[in-house]
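Below are the chains, spelled out letter by letter.
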Protein chains: 2
Amino acid sequence: MRITVLAGGVGASRFLRGLVAAAPDAKITVIGNTADDITLFGLRVCPDLDTVMYTLGGGINVDQGWGRADETFSVGAELAAYGAEPSWFTLGDRDFATHILRSQLLASGLPLSAVTRTLCSRWRLGLELIPMSDDKIETHVKIKTDDMERSRVSPQHPQPSADPLASPAASLVDPAVTGLIHFQEWWVRLHAAVPASAIIPVGAAEAKPAPGVLEAIAEADFVLFPPSNPVVSIGPILAVPGIKDAVAAKTVVAVSGIIGGAPVRGMADVCLTTIGVETTAAAVAAHYGAELINGWLVDEQDKAAADDPALAGIAVRAIPLYMRDVPSTAAIARAAIDLAQELAR
Amino acid sequence: MRITVLAGGVGASRFLRGLVAAAPDAKITVIGNTADDITLFGLRVCPDLDTVMYTLGGGINVDQGWGRADETFSVGAELAAYGAEPSWFTLGDRDFATHILRSQLLASGLPLSAVTRTLCSRWRLGLELIPMSDDKIETHVKIKTDDMERSRVSPQHPQPSADPLASPAASLVDPAVTGLIHFQEWWVRLHAAVPASAIIPVGAAEAKPAPGVLEAIAEADFVLFPPSNPVVSIGPILAVPGIKDAVAAKTVVAVSGIIGGAPVRGMADVCLTTIGVETTAAAVAAHYGAELINGWLVDEQDKAAADDPALAGIAVRAIPLYMRDVPSTAAIARAAIDLAQELAR
């Protein structure tokens with residue numbers, strides 16, 4: 001059995017742990033979202049790839065869902081003591097090592113997919129993790145100019161300044177011109193509390209899928225979407241030209257990250273509101289559409305979605321959908337596999 | 001009073017602490033050796049500049065003489081777990097922050113002198129620290145080819161390999177062609193136990209003094225050499241075109257790092273042997289020569305140097321020269337100032 005999974009960060013990683021338990025003999029390929037990536041202190045940080053890597057590799061801070069277990073924070077404290085910006089993104093020391101090595105390997109000329117393979121070789125994930133693209137894609141969020149001013153000077157995009165510590169990583173866009181700020185700044189610094197009018201995976205339209213991405217989709221028995229954020233995790237992957245068409249040609253089962261009208265974790269509701277989609281399991285399935293997904297796993301409290309006329313052509317199954325631990329998550333993964341195999345017939 | 005000091009790492013830093021105590025109102029400019037610099041994990045490491053910065057800034061590991069106090073080692077442990085090379089150079093987490101920020105600022109286009117000023121602004125050194133040059137200079141050591149083979153593949157210069165983790169920083173020279181290895185590899189990895197036939201500050205001949213270096217020398221009342229390594233600390237500074245002539249035009253008092261026929265600290269004897277200079281206070285003074293230095297402070301046990309005909313033209317003073325603590329070091333600095341003022345008359 002060959003399974004290909006499009007993956008964001010925390011939710012996807014927990015689902016994948018269950019999937020590996022449910023299908024230990026399957027060849028699993030994970031196409032990881034890289035649109036959350038950001039350059040901090042000159043180092044390339046890939047939050048979603050690393051969350052998958054650390055979770056499957058056993059290095060994750062399990063309670064938190066991201067970052068390393070047994071972490072220390074000396075580097076970040078020192079950077080703050082130097083006055084280096086940004087100060088709103090916490091990176092632990094063990095995590096810094098990953099970003100240092102990634103940045104060194106990228107600077108040596110290796111593409112992100114090869115760098116990811118090298119980093120993952122230490123962790124023995126039990127699956128293959130491929131970034132969606134070797135090209136730089138960064139989700140940016142359009143916020144109102146006065147909100148941007150009210151949120152003061154963005155550390156990612158400071159005013160021209162004589163202070164070299166206040167001029168961090170180059171970004172793909174200039175907020176003063178575009179009104180766009182990096183997703184991480186909106187998400188982490190502003191806690192998504194400033195209304196957004198658009199969420200744009202900058203660079204996606206010109207990007208190419210990384211080597212192996214289209215092959216992994218084409219050769220899969222079916223494709224799964226874990227309960228990842230449909231707007232900023234699954235969305236950017238599908239925005240890379242070629243990936244959506246390749247996925248649409250396969251049997252696809254998606255797992256809802258919305259239960260009872262709210263995201264299980266994170267702030268997917270804010271993202272959905274921004275793109276004009278209701279925060280309900282049914283609305284997210286309709287957003288994906290029957291031309292993309294064939295099966296939709298919802299929680300039992302959302303079983304009414306099965307009768308929603310907007311979901312015509314999508315097989316809806318209701319099961320307990322909270323990923324409490326590995327066994328309960330394996331049961332969800334098992335249900336996704338069963339539905340996909342049923343639909344693939 | 002304006003004093004300019006050429007400085008290596010540990011010995012210079014301890015001397016400078018005494019100098020600041022001895023002459024709190026003097027304007028002190030330190031020209032720091034950068035030929036020990038090395039790129040590790042893609043980050044630019046400047047051991048001598050940082051030792052001066054941490055020591056004068058109060059962040060040094062006092063007992064060790066280099067590195068940060070209250071240091072942690074998570075980043076290095078993680079890099080080792082990834083199999084990243086080199087594994088023979090220990091960097092602590094707090095220290096990593098300095099290298100991360102330095103590398104980010106260098107990558108943004110700032111010259112090393114401006115980066116050093118920015119880093120030092122946090123530490124309030126009580127003096128000005130300028131790297132000898134903004135150009136890259138790295139001391140390399142020529143060892144016999146069979147010794148190089150016996151010391152196995154140099155992690156800094158691995159054989160061509162498919163393993164990206166084994167191909168670290170680009171160096172200025174290719175050891176397979178030149179028989180040269182980076183000074184740090186000889187010093188730290190091989191403990192200088194492999195005989196060297198030459199010690200060469202690669203890049204020095206083409207380098208320019210950093211902005212402010214020649215001015216600081218020209219405007220100084222006198223120039224001091226702390227008890228730094230004459231071959232790999234003071235030597236490379238003097239090898240930058242223009243600096244030696246500027247220094248020679250001033251009154252110069254140097255402090256011997258050799259006491260009783262042995263270096264007080266470190267392995268200066270091995271370096272001196274390599275360039276054919278005896279490990280005695282008198283031989284080092286003769287190596288500098290009367291055309292460069294005017295005064296030479298030796299320990300009381302080396303007072304016979306005063307009668308050495310090879311030191312004609314150099315005023316030798318014998319005093320207790322062990323830098324046991326700040327007061328004893330301040331007394332040495334005071335003696336150096338007194339001798340310089342006497343000679344400058």
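This text follows the structure it describes.
Treat the numbers as computed from the prediction; the structure is a model and nothing was measured.

Draft legend 1. View of the interface of chain B and chain A. In this assembly, 33 residues from chain B lie in contact with 33 residues from chain A. Of the roughly 2700 Å² buried where chain B meets chain A, counting both sides, 66% is carbon and sulfur surface. Where Glu78(A) meets Arg68(B), a salt bridge forms, and the shortest distance between an N and an O atom there is 2.6 Å. Counting the contacts that link chain B with chain A gives 12 residue pairs in polar contact (both at pLDDT 80 or more). Listing elements by their share of the side of chain B that touches chain A, those giving two or more residues are helix 2 (47-57), helix 3 (74-81), helix 4 (93-107) and helix 5 (112-123) of chain B.

Draft legend 2. Expanded view of empty space enclosed by the protein. All names here are of chain A. Applying the stated criterion to the full structure yields 3 cavities of 30 Å³ or more. By volume, the largest cavity is sized at about 40 Å³. Lining the largest cavity are Val10, Ser13, Arg14, Arg17, Thr55, Ile60, Val62 and Gly65. It is helix 1 (residues 10-22) that provides the largest number of residues to the lining of the largest cavity, a total of 4 residues. Grouping the constituent residues of the lining of the largest cavity by class yields 3 nonpolar, 3 polar and 2 charged.

Draft legend 3. View of helix 1 of chain A. All names here are of chain A. Over its 13 residues, helix 1 runs 19 Å from end to end, which matches the ideal 18 Å to within 8%, given 1.5 Å per residue. Within the span of helix 1, buried status applies to Val10, Ala12, Ser13, Phe15, Leu16, Gly18, Leu19 and Ala22. Taken together, the buried residues of helix 1 touch strand 1 (2-7), strand 2 (27-32), helix 2 (47-57), strand 9 (222-225), strand 10 (252-255) and helix 14 (326-344).

Draft legend 4. Spatial organisation of the packing of aromatic side chains. This structure, assessed with the given rule, holds 18 aromatic pairs over all chains. Ring geometry for Phe183(B) versus Trp186(B): centroids 6.4 Å apart, planes at 55°, classification tilted. Taken together, the residues span about one helical turn, with Phe183(B) and Trp186(B) both in helix 8 (residues 183-189) at a distance of 3 residues. Across the pair, exposure class does not vary: Phe183(B) and Trp186(B) are buried alike. One aromatic cluster is present, formed by Tyr54(A), Trp123(A) and Tyr82(B) through successive ring pairs. Directly above the ring of Trp123(B) sits Arg122(B), whose terminal nitrogen or CZ lies 4.1 Å from the centroid.

Draft legend 5. Spotlight on the pattern of salt bridges. All names here are of chain A. This structure, assessed with the given rule, holds 18 salt bridges over all chains. A salt bridge links Arg44 to Glu138; its shortest N-O distance comes to 2.7 Å. You can see Arg44 sitting in strand 4 (residues 43-45) and its partner Glu138 sitting in strand 6 (residues 138-143), a full 94 residues away along the chain. Arg102 serves as the salt-bridge partner of Asp50, at 2.4 Å between the closest nitrogen and oxygen. Highlighted residues: Asp50 in helix 2 and Arg102 in helix 4 (residues 93-107), separated in sequence by 52 residues.

Draft legend 6. Inspection of the sheet that holds strand 6 (residues 138-143) of chain B at higher detail. Residue and element names in this part refer to chain B. Strand order in the open sheet formed by 3 strands is 7-6-8, and the pairing between neighbours is antiparallel. With one partner strand each, in any of the chains shown, strand 7 (180-182) and strand 8 (196-202) form the two edges of the open sheet. Sheet twist, expressed as the average angle between the axes of neighbouring strands with direction ignored, equals 30°. When strand 6 meets strand 7, the two strands line up antiparallel, connected through 3 bridges. By the bridge assignment for strand 7, Val141 is matched with Ile181. Each of strand 6 and strand 8 touches helix 10 (residues 230-239); the most contacted strand, strand 8, lies at about 45° to it.

Draft legend 7. Expanded view of the pairing of strand 9 of chain A. All names here are of chain A. On strand 9, burial covers both faces: Phe222 and Leu224 on one face and Val223 and Phe225 on the other are all buried. Here strand 1 pairs with strand 9 via 3 bridges, running parallel. Its bridge partner being in strand 9, Val5 is matched across the sheet by Leu224. Pairing geometry for strand 9 and strand 10, over 3 bridges, is parallel. Pairing of Val223 across the sheet is with Val252, part of strand 10.

Draft legend 8. Structural context of helix 5 (residues 112-123) of chain A. Residues and elements named next belong to chain A. Here helix 5 is 12 residues long and its end C-alpha atoms lie 17 Å apart, about the 16 Å a rise of 1.5 Å per residue gives. Of all 12 residues in helix 5, 9 are buried, a share of seventy percent or more. Buried within helix 5 are the following residues: Leu112, Ser113, Ala114, Val115, Thr116, Thr118, Leu119, Cys120 and Trp123.

Draft legend 9. Structural view of the sheet that holds strand 7 (residues 180-182) of chain A. Residues and elements named next belong to chain A. Read across the open sheet, the 3 strands follow the order 7-6-8; overall the sheet is antiparallel. This sheet does not close on itself; its edge strands, each paired only once, are strand 7 and strand 8 (196-202). Taking each pair of neighbouring strands and ignoring which way they run, the sheet shows an average axis angle of 30°. On the sheet, helix 10 (residues 230-239) packs against strand 6 and strand 8 and is oriented at approximately 45° with respect to strand 8.

Draft legend 10. Representation of the relation of the copies chain B and chain A within the structure. Mapping chain B onto chain A calls for a rotation angle of 180° and an axial translation of 0.0 Å; the resulting RMSD is 0.0 Å. Expressed as a symmetry operation, the mapping of one chain copy onto the other fits a two-fold axis. For chain B, the smallest separation between a C-alpha atom and the rotation axis is recorded for Asp93(B), amounting to 3.5 Å. When you check the interface residues of chain B against chain A, 100% turn up at the interface there too, and the contact is symmetric in its surfaces.

Calculation notes
- Residues numbered from 1 in each chain as written.
- Chains lettered and ligands numbered in written order.
- Predicted model: local features only at pLDDT ≥ 70, side-chain atom pairs only at ≥ 80, totals over all residues.
- Heavy atoms only, no water.
- Contact = heavy atoms within 4.5 Å.
- Buried area = accessible area lost by both parts, 1.4 Å probe.
- Salt bridge = Lys/Arg side-chain N within 4 Å of Asp/Glu carboxyl O.
- Polar contact = N/O pair within 3.5 Å; in protein donor to acceptor, adjacent residues only side chain to side chain.
- Helix = DSSP H or I, 4+ residues; strand = E, 2+ residues; numbered from the N terminus.
- 1 Å grid on protein atoms, 1.4 Å probe; cavity = no way out; pocket = protein on both sides within 12 Å on 5 of 7 lines; lining within 4 Å.
- Points joined across faces, edges and corners; volume = space filled by probe spheres on them.
- Nonpolar A, V, L, I, M, F, W, Y, C, P; charged D, E, K, R; others polar.
- Expected span 1.5 Å × (residues − 1).
- Buried < 20%, exposed > 50% of the residue type's maximum accessible area, 1.4 Å probe, protein only.
- Phe/Tyr/Trp six-rings, centres within 6.5 Å; stacked < 30°, edge-to-face > 60°.
- Lys NZ or Arg CZ within 6 Å of the ring centre and 35° of its normal.
- Pairing = 2+ DSSP bridges.
- Axes fitted to C-alpha atoms, helices over the stretch in contact; angles between N-to-C directions.
- Least-squares fit on C-alpha atoms with pLDDT ≥ 70 in both.

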